[in-house]
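Fold and contact review
This is what each chain is made of:
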Amino acid sequence: MAIHKNAEDGLISFRLIGAEVDDGCVRVSDLSNCMAKIQGCLKHVERCITGTSPSLQYVIKKMHVGSPADCELFAKTPKRKNDIRKSVSTLLLTTIASLAAGDNGSLDARLDYEALKSFQEFPKVARPAEERSSRRLIVGGHEINPTYFVTIDEALSIEESSYGSISGSLERIDVHKSPQFSLFPRPIGSPSVRCYFGDEMLGQITDALKTKSHVTVYGKKDYIQGRLHPLRVKVDSVEIHQNDQIPSFASFAGCLKDIEGDSVDLIRKIRNEWPD
């Protein structure tokens, strides 16, 4: 699979070479599976860049099926003013190149666990371990090779686990499979931490999301190589910190003697008591 040099125009080209048992021809099921993996990866990359649900739409611009199969996918011009097609294509390409070169230390910090998992799907398309039934997938001049497999597995492996806490802002609740939410710790720009919680916490988590509260979660924290914050937390409990609010002048009235009326009267009294 190769990324087109003019990534800014949203054009992504890929090449899939069929297995020896099929005389190098590409099966329709393999091609459709490959396209699905590519689309899934693109959506995760876009989500990590924007922090919102993916919106780019891809269409087939050119296709040649045979041995090998070549296809070009084109990202339609987005309705939003900010055209992120180049950013998405570039991050996809640089990540694949790093993995194929065995360099997981240079992986972009914006890529969260789910995004990295989508890059782990490409080896399932190539299957190089099975010689006669293996296919070849080439990306921007970088083949999905055995080094790629090892590197992505290492990037996703858990190096250390500990029990403790982590604080941050709570966003993006997902209850479709196992209930989870994203926690964004400080400093700003740090990759999100995926927090898994029990059904009994759903009401508490939902309330925190509605009020945009800062939270502290307690539980088992799993770390991977090269990340300051944990990759994920299995949450045992959550502490919600209400947003700090600046008190009004009127709220101080009960702290002072002989104050009646509104905040204007309070301010006037404080001013009159200032020394000359």
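Values in this document were obtained by computation on a predicted structure and should not be read as measured data.

Rules used in this analysis
- In this numbering scheme, every chain counts its residues from 1 along its sequence in written order.
- Local features are withheld for residues below a pLDDT of 70 in this predicted model, meaning they are given only at 70 or higher, and side-chain atom pairs are given and counted only at 80 or more; totals for whole chains, interfaces and linings count all residues.
- With hydrogens and water excluded, all non-hydrogen atoms of the structure serve as input to the side-chain values.
- The pairing criterion is simple: DSSP has to find at least two bridges between the two strands.
- Every helix listed is a DSSP run of H or I at least four residues long, and every strand listed is a run of E at least two residues long, numbered separately from the N terminus.
- Residue contacts are counted whenever heavy atoms from the two residues lie within 4.5 Å of one another.
- Between the N-to-C directions of two axes lies an angle of 0 to 180 degrees, each axis being a line fitted to C-alpha atoms and, for a helix, fitted only over the stretch in contact.
- Surface patches are drawn from residues lacking salt bridges whose relative accessible area is over 30%; two like charges belong together within 9 Å, two nonpolar side chains (Val, Leu, Ile, Met, Phe, Trp, Tyr) within 5 Å.
- To measure how exposed things are, a 1.4 Å probe is used in the Shrake-Rupley method; for residues, cover is taken only from the protein chains shown.
- Salt bridge, as used here: a side-chain nitrogen of Lys or Arg that lies within 4 Å of a carboxyl oxygen of Asp or Glu.
- Each residue's exposure class comes from its accessible area (1.4 Å probe, protein chains only) as a fraction of the maximum for that residue type: buried when under 20%, exposed when over 50%, partly exposed otherwise.
- Given the number of residues in a helix, its expected span is that number minus one, multiplied by 1.5 Å.
- In protein, a polar contact requires one atom able to donate a hydrogen and another able to accept it; more generally it is a pair of N or O atoms within 3.5 Å, and residues adjacent in sequence count only if both atoms are side-chain atoms.
- By nonpolar core we mean a set of buried residues, namely Ala, Val, Leu, Ile, Met, Phe, Trp, Tyr and Cys, connected to one another through side-chain atoms within 4.5 Å.
- Relative orientations are named as follows: roughly parallel for angles under 35 degrees, roughly antiparallel for angles over 145 degrees, roughly perpendicular for angles from 65 to 115 degrees, and oblique for any other angle.
- It is the rotation of the near helix from the far one that decides the hand of a crossing: anticlockwise by less than a right angle makes it left-handed, clockwise makes it right-handed.
- Ten residue types, Ala, Val, Leu, Ile, Met, Phe, Trp, Tyr, Cys and Pro, are classed as nonpolar, four, Asp, Glu, Lys and Arg, as charged, and the remainder, Gly among them, as polar.

**Considerations on the sheet that holds strand E5 (residues 142–143)**
Spatial ordering of the open sheet is given by E2-E3-E1-E4-E5, a layout of 5 strands whose pairing is antiparallel. Each edge of the open sheet is held by one strand with a lone partner, namely strand E2 (58–64) and E5. For strand E1 (residues 11–17) and strand E4 (residues 136–139), the ladder comprises 3 bridges, and the chain directions are antiparallel. Residue pairing across strands places Ile17 opposite Arg136, the latter belonging to E4. Along the sheet, helix H1 (residues 28–50) contacts E1, E2, strand E3 (69–75) and E4; its crossing angle with E1, the most-contacted strand, is approximately 145 degrees.

**Here we look at a nonpolar patch on the surface**
A surface patch of nonpolar side chains, about 260 Å² in accessible area, is lined by Ile60, Met63 and Val65. Within the fold, Val65 resides in the loop between E2 and E3. Among the residues examined, Val65 registers a relative accessible area of 47% and is labelled partly exposed.

**Thoughts on H1**
Here H1 contains 23 residues, and its C-alpha end-to-end distance of 33 Å stays within 8% of the 33 Å for a straight helix at 1.5 Å per residue. Of the residues making up H1, those classed as buried are Asp30, Leu31, Cys34, Met35, Ile38, Cys41, Leu42, Val45, Glu46, Arg47 and Cys48. Looking one or two residues past H1, Gly51 carries a phi angle of roughly 75 degrees, positive in sign.

**Side note on the sheet that holds strand E7 (residues 180–184)**
One closed barrel accounts for 5 strands, arranged E6-E7-E8-E10-E9; its pairing is mixed. Across the sheet, the axes of successive neighbouring strands diverge by a mean angle of 55 degrees, strand direction being ignored. Inspection of the sheet shows E7 paired to strand E8 (residues 193–196) by 4 bridges, in the antiparallel sense. Directly across from Ser182, in E8, lies its bridge partner Arg194. Running over the sheet, helix H6 (residues 202–210) touches strand E6 (160–174), E7, strand E9 (214–223) and strand E10 (232–241) and is turned about 60 degrees from E6.

**As for the environment of Asp22**
Relative to the assigned elements, Asp22 resides in the loop between E1 and H1. On a C-alpha basis, the gap between Asp22 and Arg135 in space is 9.8 Å, while along the polypeptide they are 113 residues apart. Here Arg27 takes part through its side chain, which lies 2.7 Å from a polar atom of the side chain of Asp22.

**Observations concerning the nonpolar core**
Side chains of a nonpolar character, in soluble globular proteins, are inclined to be buried together. Phe14, Ile96, Phe119, Phe122, Leu137, Ile144 and Tyr148 are the most contacted members of the largest nonpolar core, which has 44 residues in total. For this core, the elements supplying multiple residues, two or more each, are E1, H1, E3, helix H2 (85–100), helix H3 (113–119), helix H4 (122–126), E4 and helix H5 (146–156). By residue number, the principal contributor to this core is H1, which donates 8 residues.

**Observations concerning the pairing of E1**
In terms of residue burial, E1 counts as a mostly covered element, since 5 of its 7 residues are buried. Where E1 and E3 come together, 6 bridges link them in antiparallel fashion. Each residue of the ladder has a partner; that of Ile12, found in E3, is Leu73.

**Digging into the packing of H1 against H2**
Contact pair H1 / H2: the axes reach a minimum separation of 9 Å and the direction vectors enclose 115 degrees. In this view, H1 runs roughly perpendicular relative to H2, as classed from their interaxial angle. Here H1 runs over H2; the crossing is right-handed. Within the contact between the two elements, H1 uses Cys41, Leu42, Val45, Glu46 and Ile49 and H2 uses Ser87, Val88, Leu91 and Leu92. For the contact of H1 with H2, the per-class residue count stands at 7 nonpolar, 1 polar and 1 charged.

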